[in-house]
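What follows is the residue order along each chain.
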2 protein chains.
Amino acid sequence: MTAKSKDSRPGGRSARVRSAVHQAVVDLVAEIGADKVTVPAVARRAGVHPSSVYRRWGTTAALLADVADSRQEEEAPELLGDLRQDLERAAVWTLADLSRPGGVAFFRAEVAPDVDDRRAGLRACLERVSARFRAPLEAAAGRGGTPPSLERVLDRVVAPLYFRVVFSVPGTDERYARGLAAELCAEHPAGSSG
Amino acid sequence: MTAKSKDSRPGGRSARVRSAVHQAVVDLVAEIGADKVTVPAVARRAGVHPSSVYRRWGTTAALLADVADSRQEEEAPELLGDLRQDLERAAVWTLADLSRPGGVAFFRAEVAPDVDDRRAGLRACLERVSARFRAPLEAAAGRGGTPPSLERVLDRVVAPLYFRVVFSVPGTDERYARGLAAELCAEHPAGSSG
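Nothing here was measured: the structure is a model prediction, and the numbers come from that model. (Residues numbered from 1 in each chain as written. Chains lettered and ligands numbered in written order. Predicted model: local features only at pLDDT ≥ 70, side-chain atom pairs only at ≥ 80, totals over all residues. Heavy atoms only, no water.)

> How would you summarise helix H2 (residues 13-32) of chain A if you had to cite specific residues and measurements?
At 3.6 residues per turn, the α-helix brings residues three or four places apart onto the same side. All names here are of chain A. With 20 residues, H2 should cover 28 Å at 1.5 Å per step; its first-to-last C-alpha distance of 28 Å lies within 8% of that length. All buried positions along H2 are accounted for by Ser 14, Val 17, Val 21, His 22, Ala 24, Val 25, Leu 28 and Val 29. Looking straight down H2, one finds its buried side chains confined to an arc of 160 degrees; they lie on one side. Turned more than 90 degrees away from the buried face of H2, the exposed residues are Arg 16, Ala 30 and Glu 31. Following H2 by one or two positions, Gly 33 adopts a phi angle in the positive range, close to 90 degrees. (Helix = DSSP H or I, 4+ residues; strand = E, 2+ residues; numbered from the N terminus. Expected span 1.5 Å × (residues − 1). Buried < 20%, exposed > 50% of the residue type's maximum accessible area, 1.4 Å probe, protein only. Arc of directions from axis to C-beta.)

Encoded structure:
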């Protein structure tokens, strides 16, 4: 067995490094803010050589984007089977994700000009947030309802949350996020039925 | 008269440098894209020494933000006196502004971690876009109507446009922008009257 195949084995050294580096990023973002996170600091905290981090991720921005990418898959709330409630939960989830320490900075990393694969990062970011809402919408359609389109949910629920968090508009809390989803559902009363 | 007071006189050397540098930025953004604009290239195009640009603006991001700040005040469309039409025009204006070459890059520059006064930049950006919609809303209220709140216009018209342009959502055109404004106005039928 070569060192290379050992490295890429699940649970092997490569996975352990990735996990340690990700955790170091999350911790440092919470402690000192995403703007101040550097590759040497991450490497020191993770107990790996900085060159391992540079080789694998290239830049701090790419590293932040990768962490953002893997973090947001973990916490999907279970569907309750009621469109309004499920969209409200997805809205609260999206807001919480954006509002956590470094949340907007993670998003900024993905749209920043200095991320090499910015387009891919943007697609991944949009797909990730879309997936949170696609599940409840498909479930509602499966129950025979006529839920709003995903595009409409992006316009009416997701876009205001992103805009308000990026621009720090006051009053953007959990209740507000639920209200955006509830108002949209009120326009699609058949969405919850079936 | 000292050199300093000469420099800060309107129409003086300082104003000429600012104007030449701004025009160079606009031209270069259109030609090579905002991501590739550098201070030396801007200085060369503007016919000034790079150190003048560094001293005054510091970074490319700060320079882009300053250009964005001054550009968007120029083009306000005249009010027609009908809320729906005026909001539609403001929506189209906002979309055009975001969609022009480098438009999103200008916005990115303002939210980028490397702009020193990022908070001030964000406030300025929000205030600028708000002003475009505040004028028609105040005019409608002055005519005795009950237009939607500015906050509602930001959620329903501005936020979707920003989100869709940043994430390159297909179909985000002038017609779409008008539709966002028209749909909101249809919920506030008294807004246009009076």
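> Which residues make up the packing of aromatic side chains, and what are the values?
Taken as a whole and judged by the stated rule, the model has 6 aromatic pairs over all chains. Residues A:Phe167 and B:Tyr162 carry aromatic rings whose centres are separated by 6.0 Å and whose planes lie at 85 degrees to one another, so their mutual orientation is edge-to-face. Of this pair, A:Phe167 sits in the loop between helix H9 (150-166) and helix H10 (174-186) while B:Tyr162 sits in helix H9 (residues 150-166), on two different chains. Exposure class is identical for A:Phe167 and B:Tyr162. Each is buried. Among the aromatic residues, those joined into a ring-pair cluster are A:Tyr162, B:Phe163 and B:Phe167. Here the basic side chain of A:Arg132 rests over the ring of A:Trp93, its NZ or CZ set 4.7 Å away from the ring centre. (Phe/Tyr/Trp six-rings, centres within 6.5 Å; stacked < 30°, edge-to-face > 60°. Lys NZ or Arg CZ within 6 Å of the ring centre and 35° of its normal.)

> Before we move on, could you go through unusual backbone geometry and cite the residues and values that matter?
All names here are of chain A. The backbone of Ser 168 shows a phi angle near 50 degrees, a positive value even though the residue is not glycine. Relative to the elements of secondary structure, Ser 168 occurs in the loop between H9 and H10. When its relative accessible area of 57% is taken as the criterion, Ser 168 is described as exposed.

> Residues and numbers for the side chain of A:Ser130, please.
Locating A:Ser130 in the fold gives a position in helix H8 (residues 118-142). Not counting residues up to four positions away in its chain, the partners in contact with A:Ser130 are A:Leu150 and A:Leu154. (Contact = heavy atoms within 4.5 Å.)

> How would you explain the pattern of salt bridges if you had to name every residue and give the values?
Residue and element names in this part refer to chain A. Inspection of every chain in the model, using the stated rule, returns 28 salt bridges over all chains. When the shortest N-O distance is used, the salt bridge between Glu 88 and Arg 84 registers 2.7 Å. One end of the pair, Glu 88, and the other, Arg 84, are both in helix H6 (residues 83-99), 4 residues apart, so they sit about a helical turn from each other. Taking the relative accessible area as the measure of exposure, Arg 84 reaches 36% and is therefore partly exposed. The partner of Arg 152 in a salt bridge is Glu 187, with the nearest N and O atoms 3.0 Å apart. In this pair, Arg 152 sits in helix H9 while Glu 187 sits in the segment after H10, placing the two residues 35 residues apart along the sequence. (Salt bridge = Lys/Arg side-chain N within 4 Å of Asp/Glu carboxyl O.)

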